[in-house]
Amino acid sequence: MERVADVADDVESVVGQYRGFARHYAAGSSPSYARIASALAQDRRVLDLVMGLPAGNKRQPNLLLGAVRFLGGPVGDWPEFRAWLVEHWARVERVVLERATQTNEVRRCATLLPVLAALPGPLALVEVGASAGLCLYPDRYRYSYDGGAPVGPVDGAAVLECATRGPVPVPDRVPQVVWRAGIDLNPLDVADGEDVRWLESLIWPGPQEAVRRERLRAAARVVAEDPPWLVAGDLVERLAGVVAAAPEEATVVVFHSAVLPYVPRAGVDAFVEVVRGVRGHWVSNEGWRVFPDWERARPGVSGRFTLALDGRVVAYTGEHGQSVSWVG
């Protein structure tokens, strides 16, 4: 009887995950993903397939939807998606087991820049959950806040547009970055066409799809010209060693964005202990539920992230870097 109850609890958890994804995230950015996720949460046949995947992140909406896109499946409407998914489940399952959700939304650099530019330079950046390392180059992109004149190098690979609200300390220049490194369980390589195609598959279909894809490709070209040091391994186990390798004359900044929800709670707690023990600053850009006890952690608007410097909330940001609302 207990095993039956456990299975029921697991199914309800997955149902809640897909409904929450549809309602709080996809609805405003990707209507087709919202429709598919909502319908999937009500379809017992497809739920049984998802429940056959390992518990945890392998059942996550972004990963499943990205795998279908990676294989060329339809993601426009539920009937076509469902039929294709059931027919090609073995192929989808293989991709889900081999890959992980590793989005690299470079536009998030626009929401990180006001914090990074205010820190004493030069900077040594360490990104946790770096994927291919595209967000390790905030000094190589150009930024336009509220449609204003771009800030950043004239030859910047992309212009990252961001709307502001409140007294955002919009910088007039990008920070000087002299060293950059990333940590990821499975770092992606922008020189590998399949890895780049996987990153593109994780872009949600919708009004901004083409723009996001071109932005990703432009950022990938920047990284390919000057690859960062990407370390494969657990964020808790590798962080102290990576920070120790940073140049002494630089201000170390450990940062992460949309990463910790994929880490078990015990791992998050262990990470906090480690990151508070290394030199430099800590910049967190995550959904508020990661650190719900922080003062002003909850943004009050679905789909917003909470941006914090050294554990102090300073702003709420759009999940794709499209906006920043300052409170710090």
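For clarity, every value in this text was computed on a predicted model and none was experimentally measured. (Residues numbered from 1 in each chain as written. Predicted model: local features only at pLDDT ≥ 70, side-chain atom pairs only at ≥ 80, totals over all residues. Heavy atoms only, no water.)

Undergrad: In this structure, what is going on with the packing of helix α4 (residues 61-70) against helix α6 (residues 89-98)? I would like to understand it.
TA: Two packed helices can be described by the angle between their axes and the distance between those axes. At a minimum axis distance of 9 Å, the contact between α4 and α6 shows a crossing angle of 120°. The two elements α4 and α6 cross, and the hand of that crossing is right-handed. Contacts from L63, L64, A67, V68 and F70 of α4 reach α6 at W89, V92, V95 and V96. Here the contact of α4 with α6 is built from residues that sort into nine nonpolar, no polar and no charged. (Axes fitted to C-alpha atoms, helices over the stretch in contact; angles between N-to-C directions. Helix = DSSP H or I, 4+ residues; strand = E, 2+ residues; numbered from the N terminus. Left-handed = near helix turned anticlockwise from the far one by under 90°. Contact = heavy atoms within 4.5 Å. Nonpolar A, V, L, I, M, F, W, Y, C, P; charged D, E, K, R; others polar.)

Undergrad: What should I look at first to understand helix α2 (residues 31-40) in this one?
TA: It helps to recall that an α-helix has 3.6 residues per turn; residues three or four apart then point in one direction. The buried fraction of α2 amounts to seven of the ten residues, a majority that puts the element mostly inside the structure. What α2 keeps buried is the set S32, Y33, A34, I36, A37, A39 and L40. (Buried < 20%, exposed > 50% of the residue type's maximum accessible area, 1.4 Å probe, protein only.)

Undergrad: What am I meant to see in the pattern of salt bridges here?
TA: Two side chains carrying opposite charge are able to pair once their charged atoms lie near each other. For the structure shown, the criterion picks out 16 salt bridges. Close ionic contact of R44 with D48 constitutes a salt bridge, the shortest N to O distance being 3.0 Å. Of this pair, R44 and D48 both sit in helix α3 (residues 44-51), separated by four residues, roughly a single helical turn. Overall, the relative accessible area of 40% leaves D48 in the partly exposed class. Between D139 and R180 there is a salt bridge, and its shortest N-O distance comes to 2.8 Å. Within this pair, whereas D139 is found in the loop between β1 (123-128) and β2 (142-145), its partner R180 is found in strand β4 (residues 177-184), the two being separated by 41 residues in sequence. For D139, a relative accessible area of 12% puts it in the buried group. (Salt bridge = Lys/Arg side-chain N within 4 Å of Asp/Glu carboxyl O.)

Undergrad: Whenever I open this one, the state of the cysteines confuses me. Can you help?
TA: Simply put, the disulfide is a covalent bond whose two ends are the sulfur atoms of two cysteines. In this structure the tally under the stated criterion is zero disulfides. C109 supplies the cysteine sulfur nearest to C135, a cysteine that is in no disulfide, at a spacing of 4.3 Å. The class of C135 is buried, set by a relative accessible area of 6%. Looking at the unpaired C162, the closest cysteine sulfur is the one in C109, lying at 11 Å. (Disulfide = S-S within 2.5 Å.)

Fair warning: the whole summary comes from geometry, so function is off the table for now.
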